[in-house]
Structures are given as C-alpha cells and as structure tokens.
Amino acid sequence: MRITETADLWYNNAVIYCIDVETYLDSTGSGTGDLHGITQRIDYLAEIGVTCLWLMPFYPSPRRDNGYDISDMYGVDSRYGDHGDFVELIRVAHDRGVRVIIDLVINHTSDQHPWFKAARRSTDNPYRDYYVWRADDPGDTSDQAMFPDEEDGIWTLDERTGQWYLHHFLHTQPDLNTANPQVRDEIAKLMGFWLQLGVDGFRVDAVPFAINQRTLVGMDEHEFEEPHDYLRELRGFLQRRASGQGSAIMLGEVNLPHEEQVAFFGGENSDQLTMQFDFFTNQRLFLALARNDAAPLAEALRSRPTGLRIESQYANFLRNHDELTVDLLDEDEQDEVLDAFGPEEDMRFAGRGLRRRLPGMFNGDPRKLKMAYSLLFTLPGTPVMFYGEEIGMGENLDVPGREAVRTPMQWSSGKNAGFSTAKPSQLSRAVTHGPFGPEHVNAAQARRDQSSMLHHITRLAKRYRESPELGWGDVTVIDTEVPQVLVHMTTWENRSMVLLHNLGSEPTIVPFALEDLEPGTPLVDLLSEESCELDEDRMTRMPMDGYGYRWLRVANEDDHRLL
Ligand code: NOJ
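As the structure is a prediction and not an experimental result, all values here were calculated from the model.

Rules used in this analysis
- Residues numbered from 1 in each chain as written.
- Predicted model: local features only at pLDDT ≥ 70, side-chain atom pairs only at ≥ 80, totals over all residues.
- Heavy atoms only, no water.
- Pairing = 2+ DSSP bridges.
- Helix = DSSP H or I, 4+ residues; strand = E, 2+ residues; numbered from the N terminus.
- Contact = heavy atoms within 4.5 Å.
- Axes fitted to C-alpha atoms, helices over the stretch in contact; angles between N-to-C directions.
- Salt bridge = Lys/Arg side-chain N within 4 Å of Asp/Glu carboxyl O.
- Phe/Tyr/Trp six-rings, centres within 6.5 Å; stacked < 30°, edge-to-face > 60°.
- Buried < 20%, exposed > 50% of the residue type's maximum accessible area, 1.4 Å probe, protein only.
- Expected span 1.5 Å × (residues − 1).
- Core = buried A, V, L, I, M, F, W, Y, C linked by side-chain atoms within 4.5 Å.
- Domains from an automatic or database assignment.
- Buried area = accessible area lost by both parts, 1.4 Å probe.
- Nonpolar A, V, L, I, M, F, W, Y, C, P; charged D, E, K, R; others polar.
- Near = heavy atom within 4 Å.
- Polar contact = N/O pair within 3.5 Å; in protein donor to acceptor, adjacent residues only side chain to side chain.
- Areas by Shrake-Rupley, 256 points an atom, 1.4 Å probe, with all protein chains shown as cover.
- Patch = residues over 30% accessible without salt bridge, like charges linked within 9 Å, V, L, I, M, F, W, Y side chains within 5 Å.
- Lys, Arg positive; Asp, Glu negative; His and termini not counted.
- Charge placed at Lys NZ, Arg CZ, Asp CG, Glu CD.

The sheet built from 6 strands is open, its strands ordered S15-S16-S17-S22-S19-S20 with antiparallel pairing. The open sheet is flanked by strand S15 (474–477) and strand S20 (532–533), the only strands paired with a single partner. In the sheet, strand S16 (residues 485–492) pairs with strand S17 (residues 495–502) via 8 bridges, with the strands oriented antiparallel. Pairing of Leu 486 across the sheet is with His 501, part of S17. Its contacts with the sheet put helix H12 (residues 295–302) on S15 and S16, and the angle it makes with S15 is roughly 140°.

Here you go:
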C-alpha cells in the first residue's frame, strides 16, 4: 500500500466531528453559539485528531427542526455570524489540516422559504411544482409520519389552494419535488456556491426520502425514471466542481439495511454517495451491548456489502444529534435496547429511540465507555463523533425532545460551562446538570487529566490515523468461544490488524487462531506493552480485562511503520 493513497481518498481514514453551531461556543455573549466560536476551537479539535468538521445547519431558519427547516439555503443565520465568519472558519480549519463539510438538505425547505411562499399562492404559480401536491384527500398516513408526536400524517391541506402538500417531517418542512429539473438545477447551484466558498463536501440529509419514488411518481409530469439517477447526477456535479481542490464528499443519511444501502453507493460503480452512515451496525452494536454478547455486532459486520469499490466508505458512529434509533431491529430486540439503556419513558423518543448520550446509558461506567469508543475507532470505516462525546457529556432530559442531547458544550466548570457569558436565562439551550454537569465533566479539566475520556479519544484517533488498514480494510470476524468478546481483523493489501473487544464486565482469556498467518507471527499491541506471537498452531490466548480492548498490529518485517 502506498501511503499517498490515503491522502487521495482522505475520507477513508478521516476522523469526523459534528458540531451544532447553536451550542458550541458563544463568542459574543449573546447566549447562542456562533461560527467565530468554532474557529476559536479549531486548535482544540486538531489536537484531538479531528480531521473533518461536519457543521449542522447554520442557515436562516425558523428553527422548528433545529435548523433543518431552512428558509435561505445560501444564507448564514445572523445569530451565528455572516459569510465572512464562515470563510474565516474554513480558512483556519484548512490551515490546521481540518476539512469542513456542511449539511445539505435536499428533501425539504422551511414553509417560510420564498419558494414555498410563492408556491402556495396559486396552483399555477411558477414555483408550485417545486413542491409535491395532490388534489385528492390522502386519507390516513399517520403510520408514515417521522415525528408522530407532532404530526398525524405526511400530507397537509393548504387552505388557500385546496390541495395537500407532502412533508415527511414537520408540516413546516414541505418536501421539495426533486423530480423537477428546475429544483435539481437549484440544488446543484447551491452545492456549487458552498464548494466555491471552500467546503469539502456535504452531509446529505434524509436521502431515501429525497429520492422517494413511491411518493413522487405520478404526481406531476417530471417523473423519476430511475431515482438513483438523481444521486448520480449530484455526485457527477460534485466531482466536476470539486476538482482542483481535492476530492469532496457526499456523506448520506440512509437509515436502511445494508443490502438496500448498496444502491445508494451506486453499487460497484461507486458513483452516488461517497459515504453512508452505518445505521444497521450502529443498532446491532447497541443490541450487542445490551446483551453483553458480541454476536449481533459480528452478524452486522459479516453482512456488510462486499464488492464495493474503495471509493465507497462507511461512516461509523455511536451517538449523533438525533435520537438513538432502533427501527432496524425487530420488535423484541428494540425492547431489549430500550429497556437496557432507557428504562424510563422520559428517556425515549417517538417510541423508536432514545434521547440520551452514551454516559447516561452506561451509568457513567468509564471502562464500558472507553471500550465503546475503542470499538468506534476500530470498526471498519470512518469514525464520526458528536460534539461533547470526547469529554463524556451527558444529556439533559429537562430539555424537550431530541434537544436533550444538544445542550451547550461544556468547556469549563465556570459560568454556563464556559459556553457563554450571557445570563443563564438567555442561553439558547440550558446546560446539563447532575452527574454529567460541567462541574464534573468539562474540557478544561479533561485536558489536565491523563485518564480522561479526552486523552483516551485523542490516543485512539492518533492510532487510527496511523493505521489506514482500519479505515480502508476488509473485515473478517474471527471465531472465538468467548461470546462476549468480538475479535475482528481488518486487512488492506499486506497490512492487518486484529482487534479484540470485551463487551462483558468480567476479565476473560480469549483463545483464537489466525489460520492465514505463519506460526511465530508477532502481534504487537499498539496501546500497551503486552504483545504476543502466534504459536505453532497459529493460535494465541489473549487475556482481557472486563470491558477490555486490544489493538494488535500484525508485525510485518517489510513495513517501516513505528510499532
Ligand atoms: C435528519 C436530521 O438528522 C434530523 O435532525 C432532522 O430532523 C431530519 N433529517 C429532517 O431534516
């Protein structure tokens, strides 16, 4: 393997970090986070080993859905700064070797967007066809509403024109008609705009909804012939516009089983989404953790599609800014995860997920938390963290809905957790309190504590970055007779690593064989002194602590890497 390849496809071994601008750092004392605040923290992020920021929506918005309801896709919400602040952020990030991707919402706009305001004026308005309308009563569609606590269906009657418009999310988020060539041109122009300002790609929101043939076909004359052609078009455009400034990515939110995700990558042509979040593995991982049994996770890894090109990459995550959804599990499995990690009703969201961060779910057990992050960095793919995970922030259940996990970043134990100098009553969201409140969990303290989560994550990120076989490799799950331990191996060309994770709280010894390697092959632990070698039967017996983890590099004489 040539190390230069890792720079060409940078996203295959990136460390991605998601920021909610509203709650990261308020540099003006307004009570709301802003772009300049983030720029102040680029050095902090670079030091952790973050190589790519994902900025959640910062566009003008009535904020009925935390900014995912956009009223001006070209704008910067004045509470967060202006385009100048945005360019400064990109400039500083790039200088520190950190790329920046931003949310691209192509499925819907806000109902306050000028297109929708125009569209609802009359049925023959030029913007009418930017959205999806029907003249007949849609009947009961409550089973399709994404936010069933807030909406009783996916069509809302527009009184003025007497027709219904489609909205998979809130009724204040009308779905765009992405089958309309004019809408497609608008989206391409928009991508071109932000690429020109220097972004390195997009996290594409709600992709399956945006190309949903079922709801669009037959609704107007611009039918999708093949919905995936649209993703292909977007990728082609991205590729053309980003050439000369390094490759840009589209990281898609596609919450579907593995076999259905293949089409969203463009199959073996790899010409649609560059990356996709691996929701399936995420949910199986939580099932495995709930059971203290590695089998569900092993099955998920085994079911990863094979035959994809190296240009298609999975993004792994533990938690994100939404609820921890369990909708890809069967009903009994869902109950197991919800009961294990969200025993109280108040911890749940829309019956399908948990509005919690990881430390709360694990009762603050540092061993279990550290093991889970070790898994995150060793699952084949690219790790994505949500701000605050690196210091072990918890949720605030007093804050309604999904915002419980979007509380202000805890920088210090001082006023407002060091997030803002405003009066607490003026904060755009309340700071967490209790065992994960800022007096116990904050970045300033974590920087000084060698045993902190922050130091742990920093070390994992560094080892991950120097081990491209983790991001690039093919995965093999190794059989072992210890059910609570996952042993997996990732191999890229002639480089391999063997990873062990004990999902159980008790120490154990894990015997396993690596049939394809020579007897005597050294396995060098990258995180501790305890290396070993394969015996003459190509076996080893690895002692593991409760919630222990090991990163073993298969030593290779021709390799010049530091061990
Ligand atoms: C997915 C986003 O992650 C979520 O926060 C949002 O509510 C929906 N898409 C709608 O944009």
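Alright, that's what it looks like, and here's the rest.
Enumeration according to the criterion identifies 36 salt bridges in this entry. The partner of Glu 395 in a salt bridge is Arg 356, with the nearest N and O atoms 3.0 Å apart. Here the residue Glu 395 occupies a position in the loop between strand S14 (382–386) and helix H16 (443–448), and Arg 356 occupies one in the loop between strand S13 (353–354) and helix H14 (358–361), the gap between them amounting to 39 residues.

So, on to the sheet that holds strand S10 (residues 313–317). Strand order in the closed barrel formed by 8 strands is S1-S2-S3-S7-S8-S9-S10-S14, and the pairing between neighbours is parallel. On average, each strand axis in the sheet is inclined to that of its neighbour by 25°, with strand direction left out of account. Bridge analysis of strand S1 (residues 16–19) against strand S2 (residues 52–55) gives 4 bridges, and the strand direction is parallel. What sits directly across from Cys 18, in S2, is Trp 54. Contacts from helix H9 (residues 227–242) reach strand S7 (201–204) and strand S8 (249–252) within the one sheet, and its direction differs from that of S8 by about 145°. Relative to strand S9 (residues 275–277), helix H10 (residues 258–265) is tilted by about 150°, and along the sheet it contacts S9 and S10.

Per the stated rule, a full pass over the model turns up 31 aromatic pairs. Residues Tyr 24 and Trp 411 carry aromatic rings whose centres are separated by 5.1 Å and whose planes lie at 80° to one another, so their mutual orientation is edge-to-face. Taken together, the positions of Tyr 24 in the loop between S1 and helix H2 (35–40) and Trp 411 in the loop between S14 and H16 put the pair 387 residues apart, joining distant regions of the chain. Note on Tyr 24: relative accessible area 0%, which makes it buried. You can call Trp 411 buried: its relative accessible area is 6%.

For helix H6 (residues 181–196), with 16 residues, the first-to-last C-alpha span of 22 Å sits near the 22 Å given by 1.5 Å per residue. On its buried face, H6 is in contact with helix H4 (83–95), strand S3 (99–104), helix H5 (114–119), S7, H9 and S8. Two residues or fewer past H6, Gly 198 is found with a positive phi of approximately 110°.

On to the nonpolar core, then. The biggest cluster of nonpolar side chains holds 141 residues, and the ones touching the most others in it are Tyr 17, Tyr 44, Leu 53 and Leu 55. Among the nonpolar cores identified, the runner-up in size contains 17 residues, and Val 498, Val 510, Leu 514 and Val 554 belong to it.

Once that is clear, we can look at the domain arrangement of the protein. Along its sequence, the protein is organised into domain 1 (4–104 + 203–208 + 228–464), domain 2 (114–166) and domain 3 (474–554). For domain 1 and domain 2, the distance between their C-alpha centroids amounts to 31 Å. Contact with domain 1, which involves 7 residues of that partner, is made by 6 residues of domain 2. Of the roughly 470 Å² buried between domain 1 and domain 2, counting both surfaces, carbon and sulfur atoms make up 59%. Among the residues making up the side of domain 1 that touches domain 2, the classes are represented as 3 nonpolar, 1 polar and 3 charged.

The next subject is the site of the ligand. Around the ligand, the neighbouring residues are Asp 65, Tyr 68, His 108, Phe 147, Phe 169, Arg 203, Asp 205, Glu 253, His 321, Asp 322, Arg 402 and Arg 406. With respect to the ligand, the side chain of His 108 contributes an N or O atom lying 3.0 Å from an oxygen atom. Residue Asp 322 places a side-chain N or O atom 2.5 Å away from an oxygen atom belonging to the ligand. When the free accessible area of the ligand is taken as 300 Å², the share hidden by the protein chains comes to 98%. In the shell around the ligand, the residues fall into 3 nonpolar, 2 polar and 7 charged.

With that out of the way, let us pick up the pairing of S7. Residue alternation in S7 divides its side chains into two sets, Gly 201 and Arg 203 and Phe 202 and Val 204, and both sets are buried. As paired elements, S3 and S7 share 3 bridges and run parallel to each other. When the sheet's bridge partners are listed, Ile 102 is paired in S7 with Phe 202. As paired elements, S7 and S8 share 4 bridges and run parallel to each other. By the bridge assignment for S8, Gly 201 is matched with Ile 249.

With that settled, the discussion passes to a negative patch on the surface. Residues Asp 330, Glu 331, Asp 332 and Asp 335 make up a contiguous surface patch of negative charge. Relative to the elements of secondary structure, Asp 332 occurs in helix H13 (residues 331–341).

Glancing now at unusual backbone geometry. Residue Asn 292 is not a glycine yet carries a positive backbone phi of 50°. With respect to the secondary-structure elements, Asn 292 resides in the loop between helix H11 (279–291) and H12. Look at Glu 493: it is not a glycine, yet its phi comes out positive at around 50°. Within the secondary structure, Glu 493 is located in the loop between S16 and S17. Look at Glu 493 and you get partly exposed, because its relative accessible area is 48%.

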